[in-house]
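Below are the chains, spelled out letter by letter.
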Amino acid sequence: MAAPASAPADSRSRPAVRDVVFVDGVRTPFGKAGSKGQYAQTRADDMVVKVIRELLRRHPELPAERIDEVAIAATTQIGDQGLTIGRSAALLAGLPKSVPGFAIDRMCAGAMTAVTTVSSGIAFGAYDVAIAGGVEHMGNHPMGEGVDPNPRFVSDKIVDPSALIMGSTAENLHDRYPTLTKQRTDAYAALSQQRYDEALRAGKITPDLVPVSTRSEQGWGLATTDEPPRPGTTVEALSGLKTPFRPHGRVTPGNAAGLNDGATGCLLADADTAAELGLPVGMRLVGYSFAGVEPEVMGVGPVPATEKALRRAGLTIDDIGLFEINEAFAVQVLAFLEHFGIADDDPRVNPWGGAIACGHPLASSGVRLMTQLSRHFAERPEVRYGITTMCIGFGMGGTVIWENPNYNAGGEQ
């Protein structure tokens, strides 16, 4: 007799949830957006091609035909960032035509969402190996290009007009949390520059950068380093910068990420496939969450996203030994730290500096955070858990919790 429609499916048809691992990640050097930036005449899809090819070059043990998906994020999906860039970049990179791909958008958390989306597919059994990443050529495609916000957002008071201007949302966050002063954000920004410079000098940054051939009026060149960093930045120098989003405001070009170009990518796999192919394991995915907040203070988004992710994973903030927090604005990072009772200069937070120093090409940044966290894990076996988290335009936050495969229980912190 046939089972009634309401009966549960045979449990044998349900795939077991599989462990998802972060194998490796790379990125292009990040450039300054605009006509004088190193990528002014470089296509966004060509930057993605460089990243995909570099991942395959670094892992010859991975047959290209074993890649089941290519997910690439871009916030502005037109021009050289359009045409379903995950698929088009896969073809341009020389992957077999049997490898599918797609494009994804969650503004600044595009690459993060590409990772969580394909990771869910891996956990479910739809994929064994996937590439996820993001790109943003803010020189070719300024933030908001081609966007037509529905007038009801303002006329029906769904959001305040400031919600559409990211710098204004950062000023609003200062208003919401008056203890987050300009002096604190400038001090944090100077520390980010210092930590990035120290990491660069120690050889921590360059190994993850993919050299990119560039073209300009002067001829051909090679991008090998990030353009945005300002080594030697001081609090005194930052204190005199203009506040473009509000007269006598607190948000400046010095305590916020700039407008940048760049691409990132990573390899993800299920644990058994990684073992079968001999792929290294940089991190194990524990869980992730996204959360919405008032668009006018979008920078606070990482707080509820992190609380949600920790709760679902059965962890607390005290279990987290390393934090990679995207530095869209210094005030956004400080709001997170203050909420969780973490010091502004805590060495667990962005040990190699962050986006204020190296740049934030919107949809690409999530994988930069993940790649750096995996490198920290390799050096810090006493740390078991870390998170990557970021605020997201129009009032969201995203957090991913990772476990260190090198964790040494005997050296528990």
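As the structure is a prediction and not an experimental result, all values here were calculated from the model.

(A) Looking closely at the layout of surface pockets. Computed from the structure, the largest pocket encloses a volume of approximately 980 Å³. Grouping the constituent residues of the lining of the largest pocket by class yields 24 nonpolar, 10 polar and five charged.

(B) Here's a closer look at the environment of Ser192. Secondary-structure assignment places Ser192 in helix H6 (residues 182-201). Separated by 34 residues in sequence, Ser192 and Ile158 place their C-alpha atoms 35 Å apart. Every residue in contact with Ser192, bar those within four places of it in the chain, is listed here: Glu327, Gly353, Gly354, Ile356 and Ala357.

(C) Here's a closer look at a nonpolar patch on the surface. On the surface, a nonpolar cluster with roughly 320 Å² of combined accessible area is contributed by Val154, Leu164, Ile165 and Phe245. One can find Leu164 in the loop between helix H4 (152-155) and helix H5 (166-176). A relative accessible area of 40% means that Leu164 is categorised as partly exposed.

(D) Structural detail: the pairing of strand S8 (residues 260-270). Burial analysis of S8 places 11 of its 11 residues in the buried class, the great majority of the element. Along S8, one buried face is formed by Asn260, Gly262, Thr264, Cys266, Leu268 and Asp270 and the opposite face, lined by Asp261, Ala263, Gly265, Leu267 and Ala269, is buried too. Bridge count between strand S1 (residues 20-27) and S8: seven bridges; the pairing is antiparallel. Along S8, the bridge assignment pairs Arg27 with Thr264. Where strand S2 (residues 31-32) lies against S8, two bridges are found, and the strand directions are antiparallel. From the neighbouring strand, Gly31 faces S8, where its bridge partner is Asp261. In this structure, strand S5 (residues 129-137) lies alongside S8, joined through nine bridges in antiparallel fashion.

(E) Region of interest: the packing of aromatic side chains. Counting across every chain of the model gives five aromatic pairs. Linked through ring pairs, Phe323, Phe336 and Phe340 together constitute an aromatic cluster. Directly above the ring of Phe30 sits Arg27, whose terminal nitrogen or CZ lies 4.3 Å from the centroid. Directly above the ring of Phe290 sits Arg106, whose terminal nitrogen or CZ lies 3.7 Å from the centroid.

(F) Up close: the packing of helix H9 (residues 302-313) against helix H10 (residues 330-339). Interhelical geometry of H9 versus H10 gives an angle of 45° and a closest axis separation of 9 Å. Relative to H10, H9 is oriented oblique. Residues Pro302, Val303, Thr306 and Glu307 of H9 pack against Gln332, Ala335, Phe336 and His339 of H10. Split into classes, the residues belonging to the contact of H9 with H10 amount to four nonpolar, three polar and one charged.

(G) Quick look at the side chain of Ser364. For Ser364, the position within the fold is in the loop between helix H11 (355-358) and helix H12 (365-379). Excluding residues that lie within four positions of it along the chain, Ser364 makes contacts with Phe30, Ala111, Gly134, Val135, Gly262, Ala263 and Thr264.

(H) The UniProt feature "domain: Thiolase N-terminal" (unreviewed entry) in the chain, seen in detail. Feature annotation in UniProt assigns "domain: Thiolase N-terminal" (unreviewed entry) to the following positions: residues 20-270. The span residues 20-270 is 31% helix and 20% strand, and its two end C-alpha atoms sit 5 Å from each other.

(I) Inspection of the nonpolar core at higher detail. Tyr188, Phe323, Ile325, Phe329, Phe336, Leu337 and Val349 are the most contacted members of the largest nonpolar core, which has 39 residues in total. Mapped onto this core, the elements with two or more residues apiece are H5, H6, H9, strand S10 (320-325), H10 and strand S11 (385-392). The element that contributes the greatest number of residues to this core is H10, accounting for seven residues. Residues Phe22, Ala71, Leu362 and Ile392 belong to the second largest nonpolar core, which totals 36 residues.

(J) Broad picture of the UniProt feature "active site" (unreviewed entry) in the chain. Within this structure's numbering, the places UniProt gives as "active site" (unreviewed entry) are Cys108, His360 and Cys391. The annotated residues occupy 284 residues of the chain but converge on a single region, no pair of C-alpha atoms lying more than 12.1 Å apart. In the annotation above, Cys108 and His360 are the residues that line the largest pocket. Tracing the chain through its elements places Cys108 in the loop between strand S4 (101-104) and helix H3 (110-124). Residue Cys108 is classed as buried on the basis of its relative accessible area, which comes to 11%. In this structure, Cys108 is in contact with Thr75, His360, Leu362, Ala363, Met390, Cys391 and Ile392, ignoring residues within four places of it in sequence. Inspection of the secondary structure assignment puts His360 in the loop between H11 and H12. Excluding its chain neighbours within four sequence positions, the residues that come into contact with His360 are Cys108, Met138, Ala257, Gly258, Asn260, Asn326, Ala328, Ala355 and Ser365.

(K) Region of interest: the environment of Lys50. By secondary structure assignment, the location of Lys50 is in helix H1 (residues 44-58). For Lys50, a relative accessible area of 31% corresponds to the partly exposed category. Lys50 has contacts with Val210, Pro211, Val212 and Ser213, leaving out every residue within four places of it along the chain.

(L) Geometry of empty space enclosed by the protein. All chains considered together, the criterion is met by one cavity of 30 Å³ or more. In this structure, the largest cavity encloses a volume near 60 Å³. If you go around the largest cavity, the residues you meet are Arg27, Lys204, Ile205, Asp208, Trp352, Arg368, Thr371 and Gln372. Ranked by the residues each element gives to the lining of the largest cavity, the list is headed by H12, at three residues. Here the lining of the largest cavity is built from residues that sort into two nonpolar, two polar and four charged.

Conventions used here
- Residue indices begin from 1 for each chain and proceed along its sequence in written order.
- The predicted origin of the model limits local features to residues at a pLDDT of at least 70 and limits the giving and counting of side-chain atom pairs to 80 or more, whereas totals for whole chains, interfaces and linings rest on all residues.
- Based on all heavy atoms of the structure, the side-chain values leave hydrogens and waters out of the count.
- The way it works is a 1 Å grid over only the protein atoms, where trapped points that fit a 1.4 Å probe form a cavity and open points with protein on both sides within 12 Å along at least five of seven lines form a pocket, and then any residue with an atom within 4 Å of a point lines it.
- Grid points are joined across faces, edges and corners, and a volume is the space filled by probe spheres set on the points.
- Amino acid classes used here: Ala, Val, Leu, Ile, Met, Phe, Trp, Tyr, Cys and Pro are nonpolar; Asp, Glu, Lys and Arg are charged; the rest, including Gly, are polar.
- Helix and strand definitions here come from DSSP, where helices need a minimum of 4 consecutive H or I residues and strands a minimum of 2 consecutive E residues; each element is numbered from the N-terminal end.
- The criterion used for residue contact is that any of the two residues' heavy atoms lie within 4.5 Å.
- Surface patches are drawn from residues lacking salt bridges whose relative accessible area is over 30%; two like charges belong together within 9 Å, two nonpolar side chains (Val, Leu, Ile, Met, Phe, Trp, Tyr) within 5 Å.
- Throughout, the Shrake-Rupley method with a 1.4 Å probe supplies accessible areas, and for residues the shown protein chains are the sole cover considered.
- Throughout this description, the term salt bridge denotes a Lys or Arg side-chain nitrogen within 4 Å of a carboxyl oxygen of Asp or Glu.
- Only protein chains enter the area calculation, which uses a 1.4 Å probe; residues under 20% of their type maximum are buried, those over 50% are exposed, and those in between are partly exposed.
- For two strands to pair, DSSP has to find at least two bridges joining them.
- Only centres within 6.5 Å qualify two rings of Phe, Tyr or Trp (six-membered ring in Trp) as a pair; their planes then separate them into stacked at under 30 degrees, edge-to-face at over 60, and tilted for everything else.
- We call a charge positioned over a ring when the NZ of a Lys or the CZ of an Arg lies within 6 Å of the ring centre and within 35 degrees of the ring normal.
- Fitting a line to C-alpha atoms yields each axis, with helices limited to the stretch in contact; the angle taken between N-to-C directions then spans 0 to 180 degrees.
- Put simply, angles under 35 degrees are roughly parallel, angles over 145 are roughly antiparallel, angles from 65 to 115 are roughly perpendicular, and the rest are oblique.
- UniProt positions are given in the numbering used here, feature names are shortened, and annotations may be inferred rather than shown by experiment.
- By nonpolar core is meant a set of buried Ala, Val, Leu, Ile, Met, Phe, Trp, Tyr and Cys residues that side-chain atoms within 4.5 Å join together.

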